[in-house]
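Listed below, chain by chain, are the residues.
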Amino acid sequence: MKITDHIKNANGKTLFSFEILPPLKGQNIQSIFDSIDPLMEFDPAFIDVTYHREEYEYIERQDGLLEKRVVRKRPGTVGICAAIQNKYKVDAVPHILCGGFTREDTENFLIDLDFLGIQNVVALRGDAVKTEIYFKPEKNGHHFAKDLVKQIREMNSGKYLDESIENCYPTEFCIGVAGYPEKHMEAASFSQDIHHLKRKIEAGADYIVTQMFFDNHKFFEFVEKCREEGISVPIIPGIKPLVTKSQLSMIPHRFKVDIPNELVIAVAKAKDNKAVKEIGIEWCINQSKELLNYGVPVLHFYSMGKSDNILKIGREIF
Ligand SMILES: NC(=O)C1=CN([C@@H]2O[C@H](COP(=O)(O)OP(=O)(O)OC[C@H]3O[C@@H](n4cnc5c(N)ncnc54)[C@H](O)[C@@H]3O)[C@@H](O)[C@H]2O)C=CC1
Ligand SMILES: Nc1nc(=O)c2c([nH]1)NC[C@@H]1CN(c3ccc(C(=O)N[C@@H](CCC(=O)O)C(=O)O)cc3)CN21
């Protein structure tokens, strides 16, 4: 079922969802099932599975020259989505990126998803590859998420890239896009970023899921601003409980989000990561309760394969 239909059918009740990443190459899928099993008691409306493109590694050869190697550390997004839908009868939502994909790759990827009965996707530009600062599209790939959204919409109206093929089957993808309560790191201003978000909705996106945030006021202001700008689609908050001290520097660095001082102080004072996990759970429960009162359509947890803390949070909320 489409995410937007899940939301409509819930009649104002807040739904539960979470996000996982494929295991490192060489691992089996059991670790994925083990992380999903405990969370089934909250009846997830959907499970997002991130997509991980290739990375470049430079290996020093014996002659001292550097050899560039292309590696994909976390393949398997589509297979995991199919396995989830088959095993749990829960909608799996693959992330689909501009980066690393030509338009043809995108079309063929979407055909696979459609054949597997996957009806939802999150359309993202994708991060720059680790060894580069700026995002670079493939030749004949998309620069921005809004262009990817447009291509999916065209397939939804039966328009494929090869116009000589007649009577193409129209797919029925429901499309999510990312929103940034604290502005995307590359956007020149918050207003400009909202303007770009609006373009994604105009291109045909059906809902927004946010970057993680630790201060609900940032989310409330973001929703207000979106509504003022005429963005009327559902906005789903994405939240993540802290688990380690090192995240105090990793999260602001990687995702360009702020951590409120009160939380920073509590985590910094904690005697070990076990204590940090408890602080993270408590903070996330408070965030969740307030978001629930605000009437969010879904609470989306960035569990990334670790479910014990989400289980504790879910038991307080759902
Ligand atoms: N894998 C995942 O689950 C998630 C990944 N992300 C990452 O966040 C990053 C951005 O992805 P999206 O939000 O999908 O990208 P996007 O294409 O919507 O926006 C990327 C940046 O370009 C700017 N922009 C958009 N249209 C523009 C235009 N026409 N001219 C100039 N600038 C424009 C935006 O303000 C933003 O700063 C990526 O790095 C993505 O991988 C974000 C959320 C979830
Ligand atoms: N810019 C951006 N890129 C993304 O891929 C992305 C977002 N934002 N925001 C939403 C989700 C959340 N994502 C996440 C969230 C946490 C981890 C994670 O596993 N973090 C580990 C350490 C990761 C590492 O080793 O670098 C952690 O300790 O939290 C990974 C992806 C992926 N998504």
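Residues numbered from 1 in each chain as written. Chains lettered and ligands numbered in written order. Predicted model: local features only at pLDDT ≥ 70, side-chain atom pairs only at ≥ 80, totals over all residues. Heavy atoms only, no water.

What counts is decided by this rule: UniProt positions are given in the numbering used here, feature names are shortened, and annotations may be inferred rather than shown by experiment.
In the annotation of an unreviewed UniProt entry, the entry for the protein chain reads Methylenetetrahydrofolate reductase, and the organism field reads Epilithonimonas mollis. Here is the UniProt Cofactor (unreviewed entry) comment for the protein chain, exactly as written: "FAD". The UniProt entry for the protein chain carries the following comment under Sequence similarities (unreviewed entry): "Belongs to the methylenetetrahydrofolate reductase family."

1. Topic: helix α11 (residues 308–317)
Test applied: Three labels apply to residues, based on accessible area from a 1.4 Å probe with only protein chains included: buried if under 20% of the type maximum, exposed if over 50%, partly exposed otherwise in between. Numbering goes from the N terminus for both helices and strands, where a helix is a DSSP run of H or I of at least four residues and a strand is a run of E of at least two. Note on contacts: a residue pair qualifies if any of its non-hydrogen atoms lie within 4.5 Å across the two residues.
Among the residues of α11, N309, I310, L311, I313, G314 and I317 are the ones counted as buried. Check the buried side of α11 and you find it contacts β1 (15–20), α10 (273–294) and β11 (298–301).

2. Remarks on the site of ligand 2
Operational definition: Residues are classed as near a molecule or strand on a simple rule: at least one heavy atom within 4 Å of it. Nitrogen and oxygen atoms within 3.5 Å of one another constitute a polar contact, given that in protein one can donate a hydrogen and the other can accept it, and given that sequence-neighbouring residues count only through two side-chain atoms. Using a 1.4 Å probe, accessible areas were evaluated by the Shrake-Rupley method; residue-level cover was limited to the displayed protein chains. Charged residues are taken to be Asp, Glu, Lys and Arg, nonpolar residues to be Ala, Val, Leu, Ile, Met, Phe, Trp, Tyr, Cys and Pro, and polar residues to be all remaining types, Gly included.
Lining the immediate surroundings of ligand 2 are E19, D127, Q211, K240, Q247, M250, R254, F255, Y302 and M304. Note that an oxygen atom of ligand 2 is positioned 3.4 Å from one of the side-chain N or O atoms of K240. Between R254 and ligand 2, the recorded distance is 3.3 Å, taken from a side-chain N or O atom to an oxygen atom. In isolation ligand 2 has 650 Å² of accessible area, and contact with the protein removes 68% of it. Per element, the largest residue contribution to the shell around ligand 2 is 4 residues, and it comes from helix α8 (residues 247–255). For the shell around ligand 2, a count of residues per class yields 4 nonpolar, 2 polar and 4 charged.

3. A look at the pairing of strand β4 (residues 66–71)
Let me state the cut-off plainly: By this definition, two strands are paired if DSSP reports at least two bridges between them.
As paired elements, strand β3 (residues 55–60) and β4 share 6 bridges and run antiparallel to each other. Within the sheet, the bridge partner assigned to E60 lies in β4 and is L66.

4. Side note on the site of ligand 1
As a matter of local geometry, ligand 1 sits amid 18 residues, with D127, Y180, H184, D193 and K200 nearest to it. Between ligand 1 and D193, the relevant distance is 2.8 Å, taken from an oxygen atom to a side-chain nitrogen or oxygen of the residue. Protein burial of ligand 1: of its 830 Å² of free accessible surface, 82% is covered by the chains. Of all elements in the fold, only α5 (145–156) and α6 (190–202) reach the threshold of two or more residues within the shell around ligand 1. Considering every element that reaches the shell around ligand 1, the biggest residue donor is α6, with 3 residues. Here the shell around ligand 1 is built from residues that sort into 6 nonpolar, 5 polar and 7 charged.

5. Concerning the side chain of H6
Here H6 lies in helix α1 (residues 3–9). Take H6: its relative accessible area is 15%, and that puts it in the buried class. Non-local contacts of H6, meaning those with residues more than four positions away in its chain, are made with M1, L15, A45 and D91.

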